[in-house]
Amino acid sequence: MSKIDPKVPIGLYTLQKWFGKVITTPITNIDEKGIPTIDDEKYKEDSKRLITPNQFLSSDQRIGIYKMQYWLRLFELLKEDFPFVLRLFGDDLFEEKIATPYLMKYPSDTWELESLGEMLPKWVEDNYLDKTDKKLIYYAAVIDFAYIKLFFAPEFDQILNINDKTKIYLQPTVKLFELDADLFSFRDKFLEKDPNYWLENPFPKLSKNRKFYTILYRDYSKIKHLKISKAEYLLLKAFETGSSLEEAFQNFPERLIKNANIELWFKNWSENNWLTNKKA
Amino acid sequence: MNKMMKNVPNLGIGVGLRPAHYSEIFVTLPKIDWFEIISENYMNDSIPIQDNLEKILAHYTVVQHGVSLSIGGPDPIDFEYLKKLKKLAKKTKTPWISDHLCWGRVPGSHYHDLLPLPYTKKTMDYVVERAKIVQDFLEVPFALENVSSYASFKEDEMSEWDFYGEVIEKADICMMLDVNNIYVSSKNHNFDPKDYYKSLPLERAIQIHLAGHSNLGDYLIDTHDNYVCDEVWDIYSEVYPLTGGVSTLLEWDANFISFEDTWKEALKAKKFQKDLKTCQK
């Protein structure tokens, strides 16, 4: 939404735009009262002109309280949504290296809090500079956000009768991953400890050098992950964009399913409610 | 006065429903009068979230309280948001819907906060018109709550209470009075809480909020993470009889204690309601 209400008093709108800019300027210093300072001289002058001081606080300290509240609230929300990324950095560095520049680039534009971190994987991809850990940070962000996305996803009716031509889709509560390392087990280990624990302790062992196929899915209110075979992954992947059995098996590498009990797969997938005939 | 307002019931004493308390509530099914939910937390299709709400609705009256309306914001009223709010209201059968007298976004940026408005005649007219539209759209009584504030504007032409009272009366809507917010703002802006509530149209109050706050020495912050302080109970004991007796709710949003203890804190309100009983006799 980029329009303004045609009846908004122009003075009110001007004040609100200014207020918003001041409180979303990153925190650089905290004063002796624990309030973030307003460092920009122009904003400082504007504060004096616009905000009434009181006996204890100056004009810029009073708006500084809102600045503090804005950043603390959004840091807290991002830390909740990205527990793996948070533990890769610890509290302070997460705020400085990730949350602050991310929110500067992608300020929230909706009341739906679950969307706050939606662009973080893209932000890491486009803006995170340290090449040594960029891939890990990117996938950590992707995986963390997948947990949020699946929790809030709607769930469609379960598919009951499947024939060769039935169009099958994955439920919106399911997401597939093909990774070069066992990041889900790695994440589980990280989450066992407090955010700053890993700053002073060696990271857990990360299994890598082969492909790991994982399905992340919602089981009532819990998001769970499960390792699957490459064949299961490929077949489920075909359903991600919608496919009939006939289409899915058309170019499927036969060697992968030579000894597989495909009927049992479908039974399990149905029991877990991973399949639907409705497109998300 | 708005016809819908006459049928608003006094629900008794309630607590803000928070996920941290779900398991305790579902196991013990406490005999609490009612719950208030943050509307936005349930305006989605997530099955676990909706299931939890349905479990609550099966046993309790639920009232919707929102935080994102931005009634004084510069962007157009968000009717997609209002549609979702109304859809939820059909499910909850909420007897009223409340939000805050504030703003929280400009086009392109949402601040997720309850930001203060300048108390001017122009702002008032603008908010009144928008509040009327929201009330018409929602079709259940709509109330605006006074917020805690940490800054005021040099362009202010009137007191917060004059602004608040006039918005409520001119828009012909209801009042949701937060007595903790009165106290927090009275300290931050150096006024007597009595000055605030003595001139409000309290006959329009349909709900009172109670909460704890944080005292940071030179200023107070409305943190909802603590017990209600004595000074706030004092304000409540004076305001409650003036409203004629309205639904009362304790908000607790961080540093959670057990549900049982949260409820006990809310029930302290009964002690301060005795004045009304005396008056009624």
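Thresholds, definitions, all that
Residues numbered from 1 in each chain as written. Chains lettered and ligands numbered in written order. Predicted model: local features only at pLDDT ≥ 70, side-chain atom pairs only at ≥ 80, totals over all residues. Heavy atoms only, no water. Helix = DSSP H or I, 4+ residues; strand = E, 2+ residues; numbered from the N terminus. Rg over C-alpha atoms; globule rule 2.2 N^0.38 Å. Buried < 20%, exposed > 50% of the residue type's maximum accessible area, 1.4 Å probe, protein only. Contact = heavy atoms within 4.5 Å. Areas by Shrake-Rupley, 256 points an atom, 1.4 Å probe, with all protein chains shown as cover. Lys, Arg positive; Asp, Glu negative; His and termini not counted. Charge placed at Lys NZ, Arg CZ, Asp CG, Glu CD. Axes fitted to C-alpha atoms, helices over the stretch in contact; angles between N-to-C directions. Parallel < 35°, antiparallel > 145°, perpendicular 65-115°, else oblique. Left-handed = near helix turned anticlockwise from the far one by under 90°. Nonpolar A, V, L, I, M, F, W, Y, C, P; charged D, E, K, R; others polar. Pairing = 2+ DSSP bridges. Right-handed = clockwise from strand over helix to strand, strands pointing away. Phe/Tyr/Trp six-rings, centres within 6.5 Å; stacked < 30°, edge-to-face > 60°. Buried area = accessible area lost by both parts, 1.4 Å probe. Salt bridge = Lys/Arg side-chain N within 4 Å of Asp/Glu carboxyl O. Polar contact = N/O pair within 3.5 Å; in protein donor to acceptor, adjacent residues only side chain to side chain. Domains from an automatic or database assignment. pLDDT = per-residue confidence, 0-100.

(A) Summary view of the overall build of chain B. Counting secondary structure elements, chain B contains eleven helices and twelve strands. For chain B, the C-alpha radius of gyration of 18 Å lies close to 19 Å, the compact-globule estimate for 281 residues. Burial status across chain B gives 64% buried among its 281 residues. The contacts of chain B with a sequence gap of at least 6 include a subset with a gap of at least 24, amounting to 80%. Taken as a whole, chain B presents about 10600 Å² of accessible surface, with 51% of it coming from carbon and sulfur. Averaged over its 30 positive side-chain charges, chain B has a centre that lies 6 Å from the centre of its 42 negative ones.

(B) Looking closely at the overall build of chain A. Counting its regular elements, chain A contains twelve helices and five strands. For 280 residues, the compact-globule formula gives about 19 Å, and the C-alpha radius of gyration of chain A, at 24 Å, lies well above that figure. Pairs at least 24 residues apart make up 65% of the contacts formed inside chain A by residues separated by at least 6 positions. Total accessible area computed for chain A in this model is approximately 14900 Å², and 50% of it derives from carbon and sulfur atoms.

(C) How the structure looks around the packing of helix 6 (residues 179-189) of chain B against helix 8 (residues 230-243) of chain B. All names here are of chain B. Look at helix 6 against helix 8: their axes get within 9 Å of each other, and the N-to-C directions meet at 125°. Here helix 8 runs oblique to helix 6, going by the angle between their axes. Along this stretch, helix 6 crosses helix 8, giving a crossing that reads as right-handed. Packed against helix 6, whose contacting residues are V179, N180, I182 and Y183, the element helix 8 presents E231, V232, I235, Y236 and V239 at the interface. Of the residues in the contact of helix 6 with helix 8, the class split is seven nonpolar, one polar and one charged.

(D) Spotlight on the pairing of strand 4 (residues 97-100) of chain B. Residue and element names in this part refer to chain B. A two-sided burial pattern is seen for strand 4, the buried positions comprising I97 and D99 on one face and S98 and H100 on the other. Here two bridges tie strand 3 (residues 61-65) to strand 4, and the two strands are oriented parallel to one another. Of the residues in strand 4, the one forming a bridge with Q64 is I97. In this view, the connection linking strand 3 to its parallel neighbour strand 4 by way of helix 3 (residues 79-92) has right-handed handedness. By the bridge criterion, four bridges tie strand 4 to strand 7 (residues 142-145) in an arrangement that is parallel. Residue pairing for strand 7: H100 is matched across the bridge by E145.

(E) Structural context of the packing of aromatic side chains. Residues and elements named next belong to chain B. What the rule picks out here adds up to 44 aromatic pairs over all chains. Centroid distance W34 to W96: 6.0 Å. Interplanar angle 65°. Geometry classified as edge-to-face. Separated by 62 residues along the polypeptide, W34 in strand 2 (residues 34-38) and W96 in the loop between helix 3 and strand 4 bring together distant segments of the chain. On the basis of relative accessibility, which here comes to 0%, the residue W34 falls in the buried class. With 5.4 Å between their ring centres and 40° between their planes, Y236 and Y240 make a pair best called tilted.

(F) Broad picture of unusual backbone geometry. Residue and element names in this part refer to chain B. Positive phi values are uncommon outside glycine, yet S70 reaches one of about 55°. Within the secondary structure, S70 sits in the loop between strand 3 and helix 3. Of note, the phi angle at K93 is positive, near 55°, even though the residue is not glycine. Inspection of the secondary structure puts K93 in the loop between helix 3 and strand 4.

(G) Quick peek at the interface of chain B and chain A. Counting residues at the interface gives 53 residues for chain B and 53 residues for chain A. Buried surface at the junction of chain B and chain A, summed over both partners, amounts to about 4500 Å²; 62% is from carbon and sulfur atoms. Between chain B and chain A we count five salt bridges in total. We note a salt bridge from E129 of chain B to K7 of chain A, for which the minimum N-O separation is 2.6 Å. If you look at where chain B meets chain A, you find 19 residue pairs in polar contact (both at pLDDT 80 or more).

(H) Highlighting the sheet that holds strand 2 of chain B. All names here are of chain B. The parallel closed barrel is built from eight strands, whose spatial order is 1-2-3-4-7-8-9-12. Taken pair by pair, the neighbouring strands of this sheet meet at an average axis angle of 30°, ignoring direction. Lying on the sheet, helix 9 (residues 259-267) is in contact with strand 1 (13-16), strand 2 and strand 12 (247-251); it crosses strand 1 at an angle near 135°.

(I) Seen up close, the pattern of salt bridges. This model, assessed by the stated rule, comprises 36 salt bridges over all chains. R130 of chain B serves as the salt-bridge partner of D5 of chain A, at 2.8 Å between the closest nitrogen and oxygen. One end of the pair, D5 of chain A, is in the segment before helix 1 (10-23); the other, R130 of chain B, is in helix 4 (residues 121-138), on a second chain. The pair D5 of chain A / R130 of chain B is uniform in exposure class, with both members buried. Salt bridges sharing common partners tie together K42, D46 and R49 of chain A.

(J) Fine view of the domain arrangement of chain A. The domain architecture assigned to chain A consists of domain 1 (1-77) and domain 2 (153-276). Here domain 1 of chain A and domain 2 of chain A have C-alpha centroids that lie 46 Å from each other.

(K) A look at the confidence of the model for chain B. Per-residue pLDDT for chain B has a mean of 95; in total, 97% of the residues score no lower than 70. Both confidence scores are given for the complex: pTM 0.94, ipTM 0.95.

(L) The side chain of K79 of chain A, seen in detail. Structurally, K79 of chain A can be placed in helix 3 (residues 59-81). Residues within four places of K79 of chain A in sequence aside, it is in contact with L86, D91, F94 and E95 of chain A.

(M) Looking closely at the packing of helix 6 (residues 120-127) of chain A against helix 7 (residues 134-152) of chain A. Residue and element names in this part refer to chain A. Contact geometry of helix 6 with helix 7 gives a least axis separation of 8 Å together with a crossing angle of 165°. Considered as vectors, helix 6 and helix 7 are oriented roughly antiparallel to each other. For the pair helix 6 and helix 7, the crossing hand works out as left-handed. Residue-level contacts link L120, P121, V124 and E125 of helix 6 to K134, I137, Y138, A141 and V142 of helix 7.

(N) Representation of the sheet that holds strand 3 (residues 208-219) of chain A in the model. All names here are of chain A. A sheet is described by the order of its strands in space; here three strands give the open sequence 2-3-4, paired in antiparallel fashion. The open sheet is flanked by strand 2 (174-181) and strand 4 (222-227), the only strands paired with a single partner. Direction aside, neighbouring strands of the sheet carry axes that sit 25° apart on average. Sheet analysis places strand 2 next to strand 3, joined by seven bridges and oriented antiparallel. Among the inter-strand pairings, E178 is bridged to a residue of strand 3, identified as Y213. The strands touched by helix 9 (residues 230-240) are strand 2 and strand 3; relative to strand 2, the strand with the most contacts, the crossing angle is about 135°.

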